[in-house]
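Each chain is listed here by its residues.
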Amino acid sequence: MRNEKTTEEVALGIRRRVFEHSMRNNGGYLSQACSAGEQLAWLYNEELNLGAPTLPMIPKDFEGVPSASNPDYHTGAGYNGPATPEFDRLFIAPAHYALVAYATLIEVGRMAPEGLDMFNKDGSSVEMIGAEHSPGMEVHNGTLGIGLSTGAGLAYGRKLRGDAGRTWVFMSDGEVQEGQTWEAVQSAAHHGIDNLFAIMDVNDQQCDGAMDSVMEVGDIKTKFQNFGAACIEIDGHDLTAMRDAAREKHDGKPLIILARTNPYNAMPILQERFPRLHYVRFKSEDERARMNVSIAKDLGVDPIDYAH
Amino acid sequence: MVEMVSRPYASAFEKFAAGNKDILCLSADLTSSCEIDGFRDRHPDQFLSMGMAEQNMLSFAGGLGLAGFRPFIHTFGVFMYRRPYDQLMASIAYPRRKVRLMGFLPGVTTPGGMTHQSIEDISVMRSIPNMTILETGDATEVESICEAADSIDGPVWCRVLRGSVPRLFDTPIKVGEMRELSSGNDILVVTSGICTEEAMRARSALQKAGLSIRHLHLHTIKPFDSKALLDHISSVKHGVVTLENHVTEGGIGSLVAETMADAGVGKRLVRLGLNDTYAHGGSRPYLMRYYGLDATAMVRGIESLMQQEFGISESDLDTARVEDVHSLVKAEAL
């Protein structure tokens, strides 16, 4: 698909949509848009080789879970295009980034803006925690730590098949607290799964607060390298660094890009909420109003009229 | 004398899988213990060592399933589901990946104690939507488990016997069916896995005592043909006794109880198996006797159901096979 916007414009658009949604709904995953905006914008707008969407621009209602009696079942991966050998695949490992991922799909013309109005509504496939039937999703990743393993398995299978397409996993840094992440890296390294790529939003935040207060994880770049991956650390808001990192040679190894980010990047007023940034629900009408004015100004839009 | 087959899974898996590029053999560091070491050596391009990392192995297998492969994953049953239960659900069961979970050492077939004995796996698997459950009771069933599992459009949980395995049957597993081993009309005996051989040991003594036994062996536990079971239950006068290498809660005893309750059948039911207990380590005959999973337990269960003693003693039962704990057909004494 032809890029109609620059990646910077897509990242800004993601933040605007997540901001607008969070204001109207009195809360949302605002901080994740701040930290991961560039990464998802870059993946969809530049790096991933994806075909045209195979699902309707306006997401269908929830159509049931996989079962032998539900033959028409499909995942939300169709928003990323067809799962054919030449194209890349993407898993969003931290499924609570779904709001940011949906905003990305809209910004790159893969989903209609109305899709976001269906977010977290009963009967909708546009779920709050992205399920495998949600737009842009292909597998369940609601449990942190399973995305990279599934990506490794898919990548290995595709390597055996001789597919040209790569398998990408968007990860979050909290996942390195899960043992399965390290199992995944060591197995991908052992089996030479070099068509596996991951970019990790290292925002140092998790549900309970700042990561170093919840569970210190140490030098994860060295850890990844010691477990056998090629690992590069970059400024996660620097698109040029991201582009260069993806070109890094990593023969016989998975490539993991650690994107160091600021959880209130582009919305500095969110710093007031540090270290509880996981889900921003406004504590008072005053806070909501102040943040509305401040963030709107930073994003270059008018404040949201959320009264109706 | 019953024929004993050495390492039936080894040759059966190799015969089934070799050269089929859509089949991949995964192992979590128990390759010779799961009888796939020969396959690994002769077909390295279809073999993947996953190390002692079951959580990754299950999600990885889910990814392979997504890529159109049909991975057969091998480890002891208990390691396949207790630690990576969440991965089993999210990466395999929910999306109906064609992953074949070959779980060795079912129930008390290991002296490894609680950590090695999968005694509640059937109960767990029965409650998982999209899951098929097969259990092997003899060498012929082990030899046919790969084809049977691979015929399923979705994930399959298999309880696989290994080492020196008796040949009791001469026809392969037919998924969804049950074996009618004797067709009496007093009592219905329903068994699975290694307990079937025990029930067979008890049968001639029971017949001598004047009891006519109808004996069913279940190799397919889910999906289950309730109607066929109900027909068998209606053919006997007194009731049903189940015996399984598993806790009685959630296993085949529960399966029979649920089937009877759903249909409003008012006959007596005695469920035999591990009775709300873990087991400890020991030889298989010792554990089967201690926990009431053997031929003697079956006789006592039938006496309980009939509320009558038949004077059958240990010496009246057909000879029990005694397996060596240390045997060349097992990689280690587990």
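Please refer to the structure higher up on the page.
One structure accompanies this document, and this report is about it. Just so it is clear, the structure is predicted and the values come from calculations on it, not from any experiment.

A word on the overall build of chain A
Helix and strand counts for chain A come out as 10 helices and 7 strands. Rg of the C-alpha trace for chain A: 19 Å, near the compact-globule value of 19 Å for 308 residues, within the 12% margin. Once the C-alpha set of chain A is aligned to its principal axes, its extents read approximately 55 × 45 × 35 Å. For chain A, buried positions account for 59% of its 308 residues. The contacts of chain A with a sequence gap of at least 6 include a subset with a gap of at least 24, amounting to 77%. Total accessible area computed for chain A in this model is approximately 12000 Å², and 49% of it derives from carbon and sulfur atoms. Across chain A, the 28 positively charged side chains and the 44 negatively charged ones have centroids separated by 2 Å.

Regarding the sheet that holds strand β14 (residues 268-274) of chain B
Residues and elements named next belong to chain B. Strand order in the open sheet formed by 5 strands is β9-β11-β10-β13-β14, with mixed pairing between adjacent strands. With partners counted over all chains shown, the strands left at the sheet margins are β9 (179-183) and β14, one partner each. Neighbour-to-neighbour, the strand axes of this sheet turn through a mean angle of 15 degrees, independent of strand direction. Note: strand β13 (residues 239-247) against β14, 6 bridges, orientation parallel. Residue pairing across strands places G239 opposite R268, the latter belonging to β14. The strands touched by helix α10 (residues 252-263) within the sheet are β10 (187-192), β11 (213-218), β13 and β14, with β13 carrying the most contacts at an inclination of about 145 degrees.

Comments concerning the packing of helix α9 (residues 226-234) of chain B against α10(B)
Two measures define how a pair of helices packs: the angle their axes make with one another and the distance between the axes. Residues and elements named next belong to chain B. α10 packs onto α9 with a crossing angle of 80 degrees between their chain directions and a minimal axis gap of 10 Å. The angle between α9 and α10 falls in the class roughly perpendicular. Across the interface between the two elements, S226, L229, L230 and I233 of α9 pack against V256, T259, M260 and A263 of α10. The class makeup of the residues in the contact of α9 with α10 is 6 nonpolar, 2 polar and no charged.

With respect to the nonpolar core
Core analysis: the biggest nonpolar cluster contains 72 residues, and A:F224, B:L26 and B:L101 have the highest contact counts within it. Ranked by residues supplied to this core, first place goes to helix α3 (residues 54-66) of chain B with 6 residues. Ignoring any residue separated from it by four or fewer positions in sequence, one finds A:F224 in contact with A:V176, A:T181, A:W182, A:V185, A:M200, A:A229, A:C231, A:I256 and A:L258.

Some points on the sheet that holds strand β6 (residues 230-235) of chain A
Residue and element names in this part refer to chain A. Strand order in the open sheet formed by 5 strands is β1-β2-β3-β7-β6, with parallel pairing between adjacent strands. Each edge of the open sheet carries a strand with a single partner, namely β1 (89-92) and β6. For this sheet the average axis-to-axis angle between neighbouring strands, irrespective of direction, equals 20 degrees. Sheet topology places β6 next to strand β7 (residues 255-260); 6 bridges connect them, and they run parallel. Bridging across to β7, D235 finds its partner in R260. Here helix α5 (residues 147-161) sits on the sheet and contacts β1, β2 (167-172) and β3 (196-202); the angle it forms with β2, its principal contact strand, is near 170 degrees.

What to know about the interface of chain A and chain B
Each partner contributes residues to the interface: chain A has 32 residues there, and chain B has 27 residues. Of the roughly 2200 Å² buried at the junction of chain A and chain B (both faces included), carbon and sulfur atoms supply 58%. When residues of chain A are sorted by the area they lose upon contact with chain B, A:P66, A:R161 and A:E183 head the list and together hold 23% of the total. In this structure, the connection of chain A to chain B is made through 1 salt bridge. Measuring nitrogen to oxygen at the nearest pair gives 3.0 Å for the salt bridge that ties A:R161 to B:D22. Linking chain A with chain B are 13 residue pairs in polar contact (both at pLDDT 80 or more). For the side of chain A that touches chain B, the elements supplying multiple residues, two or more each, are β1, α5 and α6 (179-190) of chain A. Grouping the amino acids of the side of chain A that touches chain B by side-chain chemistry returns 13 nonpolar, 13 polar and 6 charged.

Section: the pattern of salt bridges
Taken as a whole and assessed by the stated rule, the structure comprises 40 salt bridges over all chains. Between B:E141 and B:R179 there is a salt bridge, and its shortest N-O distance comes to 2.7 Å. Separated by 38 residues along the polypeptide, B:E141 in helix α7 (residues 139-150) and B:R179 in strand β9 bring together distant segments of the chain. Looking at B:R179, the relative accessible area reads 10%, which means it is buried. Through salt bridges with shared partners, a single ionic network connects A:E47, A:D88, A:R166 and A:R247.

A short note on the packing of aromatic side chains
All names here are of chain B. Taken as a whole and judged by the stated rule, the model has 17 aromatic pairs over all chains. Between Y9 and F13, the aromatic rings sit 5.6 Å apart at their centres with planes inclined by 15 degrees, giving stacked as the arrangement. One end of the pair, Y9, and the other, F13, are both in helix α1 (residues 8-17), 4 residues apart, so they sit about a helical turn from each other. For Y9, a relative accessible area of 0% gives the class buried. Classification of F13 by relative accessible area gives buried; the value is 0%.

Remarks on α3(B)
Residue and element names in this part refer to chain B. Helix length check: α3 (13 residues) gives 18 Å between terminal C-alpha atoms against 18 Å at 1.5 Å per residue, within 8%. Among the 13 residues in α3, 13 count as buried, and that is most of the element. Among the residues trailing α3, G68 stands out with phi positive, at a value near 90 degrees.

Scoring rules and cut-offs
- Residues numbered from 1 in each chain as written.
- Chains lettered and ligands numbered in written order.
- Predicted model: local features only at pLDDT ≥ 70, side-chain atom pairs only at ≥ 80, totals over all residues.
- Heavy atoms only, no water.
- Helix = DSSP H or I, 4+ residues; strand = E, 2+ residues; numbered from the N terminus.
- Rg over C-alpha atoms; globule rule 2.2 N^0.38 Å.
- Buried < 20%, exposed > 50% of the residue type's maximum accessible area, 1.4 Å probe, protein only.
- Contact = heavy atoms within 4.5 Å.
- Areas by Shrake-Rupley, 256 points an atom, 1.4 Å probe, with all protein chains shown as cover.
- Lys, Arg positive; Asp, Glu negative; His and termini not counted.
- Charge placed at Lys NZ, Arg CZ, Asp CG, Glu CD.
- Pairing = 2+ DSSP bridges.
- Axes fitted to C-alpha atoms, helices over the stretch in contact; angles between N-to-C directions.
- Parallel < 35°, antiparallel > 145°, perpendicular 65-115°, else oblique.
- Nonpolar A, V, L, I, M, F, W, Y, C, P; charged D, E, K, R; others polar.
- Core = buried A, V, L, I, M, F, W, Y, C linked by side-chain atoms within 4.5 Å.
- Buried area = accessible area lost by both parts, 1.4 Å probe.
- Salt bridge = Lys/Arg side-chain N within 4 Å of Asp/Glu carboxyl O.
- Polar contact = N/O pair within 3.5 Å; in protein donor to acceptor, adjacent residues only side chain to side chain.
- Phe/Tyr/Trp six-rings, centres within 6.5 Å; stacked < 30°, edge-to-face > 60°.
- Expected span 1.5 Å × (residues − 1).

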